[in-house]
Amino acid sequence: MKRVLLMLLILVISISAWAEGEQEVKEFDGTLILGIEKGDLMAAYTATEDNIEEPTDEIMWYRDVVLKDFPYAVEIRAYATDSLNTKMRGDLAGGDAPDVSWDYLGRINEFANSRYAVPIELTEEEQADYYESFLDLCTKDGILYALPATAWAAVMIVNKTLVDSVGMGDILEDNKWTIAEFVNITEAVREKYGSQYYGYATFAVGTGGDYWSSFGWLGAFGAKLYDNGKIVIDSPEGKAALTFMKEMQDTGIFAPGAAGLTHVKNLEAMKTGDIVACGNEPNAVRSTNLADGSGMVEVVQMEWPTAPGVDPVSISMGPDAVMLFKSGDPVREAAALELARYMARAEIQAARCRFASRFPSRRSAMVVLPDNIAWAQAADMIANNGIFDTGIGLTKYAEVRSLWPPTLQAIFTGELTVDEAIDRFVKEGTEILEED
Amino acid sequence: MKKTNFTAWVFLAPALLFFIVFSIYPIIRSIQLSFYEADAISQTFVGFGNYIKVFTTPRILNAFLNTGKFMVVVVPCVTFIPLFIAMIGYRMPTALQTGVRFAYYIPVLTAGPIVAMIWSWLMNPDGVVNFIVGKQVFWLASNPAAFWTLSAMIISVDMGMTIIIYMAALSTVNPELYDAARLDGCNQFQEDLYITIPSILPTVAFMFFVKLVGVSQVWMYPFMMTGGGPNYGTDTVVLEIYLQAFQYGKYGYASAIGVVFTICVAILATIQRRYFKGGTE
């Protein structure tokens, strides 16, 4: 009997080993679907179009140029930005989710979790190459659900021409300044040119520009929005930051009507020439001609001005990430993981940093852009100052984020006090986070 | 089944099929979904949980309140101002009548997002309206100005079709009634009060009903112009349904809001129809 059992055991082990061996040699021979945000695709295509001998359309370009060395067939599915999550949910419900999705983490974090995503295990080499803070954004309950790609960063762009004209250009000599200096400059500008000039244009309509508009000011006071996935803006620093913003609005240092201003005001800030500073990405606003043709504005890049005792001010960042949707087919998922790794590899990150002034999540992709002083300055700021936690890695990030504009609006319109508005934000935001 | 019935069913079948698939089924599915916490791939039964949340969430209750305010302000305006304009316009020469129809119908022909952009530009702090009034008013950035601005915009956009319908209704009034009234010494105001308005009252009642339902569903203009703000001041129920379902992926919760909202509108519509029915009798 023992001998029979032993024989059976050997047989089972042999079959298992054979089957395992068979699986190893099984190759993926289908077509992978890569979901990618259309705007991003277009941006990548437009930026490198000149390098293509025979430009086709952006999807063909992506397949033929970017993915040319990838071993498996890939179908590219471009999603419109505004409806990306809705379409993605529809594809999921219909059992037709892409194998790999590359998009802004603020959108795909809804899916980059245990319900939908395939966990990713990094090799030791990869682990060492990625910046830990980026990996943390893609990690939930200790499991990595997406590979971080490149990120934008929010810095302050200052109208040097305007500041020089009031004789205070020396403050801008290094890229650090204080809130007192910012206010002094703005007051001098307003005194010289009139009350239609402002220090800054914060805005509170939509969620498109909260990073540029308000998070910098939170960082300037050393306030945090999140800490370990919990909302902590109800701190003395948080209240001080929002009280300061309200005061600036009431005294005219910030452009009036912030409760109704949109990101457009921010983007146009240097073109109109009537604003001392605005928030934006490094290189997004360069020295430019005024819209009315009356002259030119020279801009410099600064850190956000800091409140007393705060140094340095943390930088808001938003990375793209690559995630794998579960398909239930291990062979397909293995091929998809290869595609995800291919998309997040250093070469692609470095290229993207070059043409879009973004910042890599991998050390090996940290490129030096010799002619790009703004980029180098921002890279230094990120390295030295740390990243402001916008909560971008949270599954409910987008929903909580939608509570922020009404919070600012309530403060700016005076309908709620700073304390009341913060309490409401914390209560509603925490309830949403607890649903997860 | 009689042959005539069978033929009728055959002709009705395509329309019925569409109606069942695209109207009846979604309604039933929405009601079912409202009892679930539902996302893209899973549903968990939560009983009346979503409904309790609807009635205990200040943001949603505020959206119901705002929608009610829009209905109270906009529906009478888009029902009765066009009646007034149509009655004046109908007395004009034919060429001028065409002009009135054309002028008021243009906004109806213009795409909503374009209208929203034009109004946003007009009402901008640095816009034309503030230039005319000579001071900086935050039409879309303060409360209750944002509500009144949106109301004015919806009223201006929504009147064109109603004017056309009223003018068509006015053409059906028997002219002999006016002749008789004039012989009896009626002035123009009395003609309108005792002949014109009673004659077209069923049309007015119908338009009131249509506008009641239409205005209750306002969402595009707040979505585009204020995002429901400032501070939820122009947030509406349908905007919340859109946000909860398509922005936040909470299909069950959005369905519950939709069901409660449908019941509210149905109750209002029933009251309105009873009232107007009594009036016409």
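For the structure, see preceding data.
This report concerns the structure included in the present document. As the structure is a computational prediction, the values presented were derived from the model and not from experiment.

Regarding the overall build of chain B
Piece 1. When helices and strands are counted, chain B shows 12 helices and two strands.
Piece 2. Scanning chain B from its N terminus toward the C terminus, one meets helices and strands in the order α-β-β-α-α-α-α-α-α-α-α-α-α-α.
Piece 3. Taken over the C-alpha atoms alone, chain B extends approximately 75 × 75 × 30 Å along its principal axes.
Piece 4. Across the 281 residues in chain B, those meeting the buried criterion constitute 32%.

Let's talk about the nonpolar core
Piece 1. With 109 residues, the main nonpolar core has Ala153, Val158, Ala201, Ile275, Val276 and Ile382 of chain A as its most contacted residues.
Piece 2. For this core, the leading source of residues is helix H7 (residues 145-170) of chain B, giving nine residues.
Piece 3. Residue contributions to this core reach at least three from each of two domains, namely domain 1 (29-153 + 317-385) and domain 2 (167-316 + 391-435) of chain A.
Piece 4. Here isoleucine 275 of chain A is in contact with Asn159, Tyr198, Tyr200, Ala201, Ala255 and Ala269 of chain A, once residues within four sequence places are set aside.
Piece 5. In terms of nonpolar packing, the next biggest core, distinct from the first, is built from 47 residues, Leu32, Tyr79, Tyr130 and Leu339 of chain A among them.

Looking at the interface of chain B and chain A
Piece 1. Contacts between the two partners involve 18 residues from chain B and, on the opposite side, 20 residues from chain A.
Piece 2. Residue composition of the side of chain B that touches chain A, by class: 10 nonpolar, eight polar and no charged.

Focus: helix H9 (residues 188-216) of chain B
Residues and elements named next belong to chain B.
Piece 1. Compared with an ideal rise of 1.5 Å per residue, which puts 29 residues at 42 Å, H9 spans 35 Å between its outermost C-alpha atoms and falls more than 12% short.
Piece 2. If you look at H9, its biggest bend is around 55°, right at leucine 201, and the proline proline 202 turns up within four residues after that.
Piece 3. Taken as a whole, H9 has its buried residues at Thr196, Ile200, Val204, Met207, Phe208, Lys211, Leu212, Val215 and Ser216.

Here we look at the sheet that holds strand E14 (residues 299-302) of chain A
Residues and elements named next belong to chain A.
Piece 1. Strand order in the open sheet formed by four strands is E8-E11-E7-E14, and the pairing between neighbours is mixed. One side of each edge strand has no neighbouring strand; the edge strands of this open sheet are strand E8 (198-200) and E14. On average, each strand axis in the sheet is tilted by 25° relative to the strand beside it, whichever way the strands run.
Piece 2. Where strand E7 (residues 155-159) lies against strand E11 (residues 275-280), four bridges are found, and the strand directions are antiparallel. Of the residues in E11, the one forming a bridge with valine 158 is alanine 277.

What to know about the pairing of E11 of chain A
Residues and elements named next belong to chain A.
Piece 1. A large share of E11 lies buried, amounting to six of its six residues.
Piece 2. Strand direction decides the pairing type here: E8 and E11, joined by two bridges, are parallel. Opposite tyrosine 198, over in E11, you have isoleucine 275 as the bridge partner.

Regarding the environment of tyrosine 397 of chain A
Residue and element names in this part refer to chain A.
Piece 1. Note on placement: tyrosine 397 falls in helix H16 (residues 397-401).
Piece 2. Considering only alpha carbons, one finds tyrosine 397 and glutamate 110, 287 residues apart in sequence, at a separation of 8.0 Å.
Piece 3. Among residues more than four places away in sequence, those in contact with tyrosine 397 are Gly106, Asn109, Gly391 and Ile392.

Here we look at unusual backbone geometry
Excluding glycine, residues mostly carry a negative phi; peptide bonds, for their part, are mostly trans.
Piece 1. The step from aspartate 311 of chain A to proline 312 of chain A runs through a cis peptide bond, and the omega angle for that step is 0°.
Piece 2. Looking at where proline 312 of chain A falls in the secondary structure, it is placed in the loop between E14 and strand E15 (315-324).
Piece 3. The residue after glycine 229 of chain B, namely proline 230 of chain B, is reached through a cis peptide bond having omega -5°.
Piece 4. One can find proline 230 of chain B in the loop between helix H10 (220-225) and helix H11 (237-247).
Piece 5. Even without glycine at this site, aspartate 141 of chain A takes up a positive phi of about 50°.
Piece 6. Mapping aspartate 141 of chain A onto the fold places it in the loop between strand E4 (139-140) and strand E5 (143-144).
Piece 7. For aspartate 141 of chain A, a count of 7 C-beta atoms within 10 Å gives the class exposed.
Piece 8. At asparagine 231 of chain B, a position not held by glycine, the phi torsion is positive, near 50°.
Piece 9. One can find asparagine 231 of chain B in the loop between H10 and H11.
Piece 10. A count of 27 C-beta atoms within 10 Å places asparagine 231 of chain B in the buried class.

Observations regarding the packing of helix H17 (residues 404-412) of chain A against helix H18 (residues 418-435) of chain A
In a pair of packed helices, the angle between the axes and the distance between the axes together describe the arrangement.
All names here are of chain A.
Piece 1. Look at H17 against H18: their axes get within 9 Å of each other, and the N-to-C directions meet at 165°. Between H17 and H18, the crossing angle belongs to the class labelled roughly antiparallel. Judged by the sense of rotation from one axis to the other, the crossing of H17 with H18 is right-handed. Listed contacts from H18 to Thr407, Ala410 and Ile411 of H17 are Val418, Ala421, Arg424 and Phe425.
Piece 2. The residue inventory of the contact of H17 with H18, partitioned by class, reads five nonpolar, one polar and one charged.

What about the environment of glutamine 217 of chain B?
Residue and element names in this part refer to chain B.
Piece 1. By the secondary structure assignment, glutamine 217 is in the loop between H9 and H10.
Piece 2. A residue is classified by how many C-beta atoms lie within 10 Å of it, and glutamine 217, with 16 of them, is partly exposed.
Piece 3. Counting along the chain gives 34 residues from glutamine 217 to tyrosine 251, while the straight-line C-alpha distance between them is 18 Å.

Rules behind the numbers
- Residues numbered from 1 in each chain as written.
- Chains lettered and ligands numbered in written order.
- Predicted model: local features only at pLDDT ≥ 70, side-chain atom pairs only at ≥ 80, totals over all residues.
- Helix = DSSP H or I, 4+ residues; strand = E, 2+ residues; numbered from the N terminus.
- Buried ≥ 20, exposed ≤ 12 C-beta atoms within 10 Å, placed from the backbone.
- Core = buried A, V, L, I, M, F, W, Y, C linked by C-beta atoms within 7 Å.
- Domains from an automatic or database assignment.
- Contact = placed C-beta atoms within 7 Å.
- Nonpolar A, V, L, I, M, F, W, Y, C, P; charged D, E, K, R; others polar.
- Expected span 1.5 Å × (residues − 1).
- Bend = angle between axes of the 7 residues up to and from the residue.
- Pairing = 2+ DSSP bridges.
- Axes fitted to C-alpha atoms, helices over the stretch in contact; angles between N-to-C directions.
- Parallel < 35°, antiparallel > 145°, perpendicular 65-115°, else oblique.
- Left-handed = near helix turned anticlockwise from the far one by under 90°.

So yeah, pure geometry; function would need other evidence.
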